[in-house]
Amino acid sequence: MLIRVNSRACVQPSEITPESVWRERRRFMTRAGLAIGSVALAGLPHARAGDCRLPNPIRLRDGEQPNTLQEIAGYNNFYEFSPDKKAVAHLARDVTPQPWKLTVEGEVAKPLSFELDDVLRLHPVESRIYRLRCVEGWSMVIPWDGIPLCSLVSRAQPTSRAKYVRFVGPHDPKVYIGQRRSSLQWPYTEALTIAEAMHPLSFLVTGLYGKPLPIQNGAPLRLAVPWKYGFKSIKAIAQIRFEEQRPQTSWTLASPSEYGFYGNVNPDVPHPRWTQARETRIGELKARPTLPFNGYADEVAQLYAGLDLRANY
Ligand SMILES: Nc1nc2c(c(=O)[nH]1)N[C@H]1C(S)=C(S)[C@@H](COP(=O)(O)O)O[C@H]1N2
Ligand SMILES: [Mo]
């Protein structure tokens, strides 16, 4: 099994696996028939008790390969820089995210404030290979490093009034030059229900391919919520707030008929301007069918039992 648990704070540069070595090792393990991309925390030395753990390993499907670092870090949606996916990496090249504070507040007994190093010190970092499906009809497979969102936010002890979790991005037009335009209402805001946020698949990303997270992928911390369209996986999170009422979110505010609160990947509900039944994996020519909940239905479908997924897109 490919499991890497470490605290980034003590990773030596020599321990960071170059992408080519990473990919070769994975090819070897695939040939050897070993479980790949699985996450099994039970029994690992620093795993915290509690129900933030994934009950079952997650796997890629046959024929699925992680995208290259070049693809992942070169084709980005990050409107704080630009709506041009190929321009983002260039615009982000000189940006340093430090110093950076993440606060966890709102309906909590213990408001918290973290820096990236605190997060890395407090929790073992896991590797998880997730599919990412953009609402625009393209997708990638990304080997993230991070911690379950649940492990971090439960430290703040949400109160019984907390029903939603709001995530707020950065607001600094000097750094994020796309914020000089009102392409979206700033700061970028996203939200999940409590049950979604506490689901063990919801992942707080600190890196990818065993390296620190590139700025264009949302450094220092971003979400990966793999069963939802990419816009729910907010980058560069500055604030997490527990709330009683459903928060307004950036894309739903911008175009409510196109981008709903849930944003669950659903091949049966077309975007008003295109089908969602298929997607193009970056690096491939032929489209693939899009799977309900992006292939994570076994894990998450029960969160939506009884909910009309057509009305609640
Ligand atoms: N703060 C912020 N987060 C964001 C976005 C954004 O514009 N700003 N774009 C979203 C969209 S639409 C997608 S598809 C993913 C893309 O993530 P990636 O560039 O790491 O592949 O980030 C999401 N998170
Ligand atoms: Mo997206």
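Residues numbered from 1 in each chain as written. Chains lettered and ligands numbered in written order. Predicted model: local features only at pLDDT ≥ 70, side-chain atom pairs only at ≥ 80, totals over all residues. Heavy atoms only, no water.

Some remarks on the site of ligand 1
Part 1 of the reasoning: Around ligand 1 sit 14 residues, and of these Tyr 79, Glu 80, Arg 222, Ser 233 and Lys 235 come closest.
Part 2 of the reasoning: One of the backbone N or O atoms of Tyr 79 is found 2.7 Å from an oxygen atom in ligand 1.
Part 3 of the reasoning: In this structure, an oxygen atom belonging to ligand 1 sits 2.9 Å away from a side-chain N or O atom of Arg 222.
Part 4 of the reasoning: With respect to the detected pockets, ligand 1 is housed in the largest pocket.
Part 5 of the reasoning: Looking at the shell around ligand 1, its residues break down into six nonpolar, five polar and three charged. (Near = heavy atom within 4 Å. Polar contact = N/O pair within 3.5 Å; in protein donor to acceptor, adjacent residues only side chain to side chain. 1 Å grid on protein atoms, 1.4 Å probe; cavity = no way out; pocket = protein on both sides within 12 Å on 5 of 7 lines; lining within 4 Å. Sits in = over half its atoms within 2 Å of the grid points. Nonpolar A, V, L, I, M, F, W, Y, C, P; charged D, E, K, R; others polar.)

Comments concerning the packing of aromatic side chains
Part 1 of the reasoning: Following the criterion strictly, the structure yields 13 aromatic pairs and no others.
Part 2 of the reasoning: For the ring pair Tyr 130 and Phe 203, a centre distance of 5.9 Å and an interplane angle of 70° mean the geometry is edge-to-face. A residue pair is termed long-range when its members are at least 10 positions apart, and Tyr 130 in strand β3 (residues 126–133) and Phe 203 in strand β7 (residues 203–208) qualify at 73 residues.
Part 3 of the reasoning: For Tyr 130, a relative accessible area of 1% puts it in the buried group. (Phe/Tyr/Trp six-rings, centres within 6.5 Å; stacked < 30°, edge-to-face > 60°. Helix = DSSP H or I, 4+ residues; strand = E, 2+ residues; numbered from the N terminus. Buried < 20%, exposed > 50% of the residue type's maximum accessible area, 1.4 Å probe, protein only.)

Structural notes on the pairing of strand β6 (residues 189–193)
Part 1 of the reasoning: Counting buried residues along β6, five of its five residues qualify, which places the element largely inside the surrounding structure.
Part 2 of the reasoning: Two elements, strand β5 (residues 164–168) and β6, share five bridges in a ladder whose sense is antiparallel. Paired with Val 165 across the strands is Leu 192, a residue of β6. (Pairing = 2+ DSSP bridges.)

What about the nonpolar core?
Part 1 of the reasoning: Ranked by size, the top nonpolar core spans 76 residues in total, and within it Trp 144, Leu 149, Phe 167, Leu 223 and Ile 240 carry the most contacts.
Part 2 of the reasoning: Per-element tally for this core: the top contributor is strand β4 (residues 138–148), with five residues.
Part 3 of the reasoning: Residues contacting Leu 223, with those up to four places away along its chain left out, are Leu 149, Phe 167, Leu 192, Phe 203, Leu 204, Val 205, Lys 232, Ser 233, Ile 234 and Ile 237. (Core = buried A, V, L, I, M, F, W, Y, C linked by side-chain atoms within 4.5 Å. Contact = heavy atoms within 4.5 Å.)

Quick look at unusual backbone geometry
Part 1 of the reasoning: Here the amide bond leading from Trp 186 into Pro 187 is cis, since omega sits at -10°, within 30 degrees of zero.
Part 2 of the reasoning: Mapped onto the elements, Pro 187 comes out in the loop between β5 and β6.
Part 3 of the reasoning: The omega torsion of the bond from Ala 219 to Pro 220 falls at 0°, within 30 degrees of zero and hence cis.
Part 4 of the reasoning: Tracing the backbone shows Pro 220 in the loop between β8 (211–212) and β9 (222–224).
Part 5 of the reasoning: Even without glycine at this site, Tyr 209 takes up a positive phi of about 50°.
Part 6 of the reasoning: Among the secondary structure elements, Tyr 209 is positioned in the loop between β7 and β8.
Part 7 of the reasoning: Residue class for Tyr 209 comes out buried when judged on its relative accessible area of 0%.
Part 8 of the reasoning: For Ala 236, which is not glycine, the phi dihedral falls at a positive 50°.

With respect to the layout of surface pockets
Part 1 of the reasoning: Taken as a whole, the largest pocket encloses approximately 410 Å³ of empty space.
Part 2 of the reasoning: At four residues, β4 tops the list of elements feeding residues into the lining of the largest pocket.
Part 3 of the reasoning: Residue composition of the lining of the largest pocket, grouped by class: 17 nonpolar, five polar and four charged.
Part 4 of the reasoning: What the second largest pocket holds in volume is close to 310 Å³.
Part 5 of the reasoning: Considering the residues around the second largest pocket, the lining is formed by 18 residues, among which Ile 58, Gly 295, Tyr 296, Asp 298 and Glu 299 are closest to the centre.
Part 6 of the reasoning: Of all the elements, helix α8 (residues 297–300) adds the most residues to the lining of the second largest pocket, at three residues.
Part 7 of the reasoning: Of the residues assigned to the lining of the second largest pocket, the class counts are nine nonpolar, four polar and five charged. (Points joined across faces, edges and corners; volume = space filled by probe spheres on them.)

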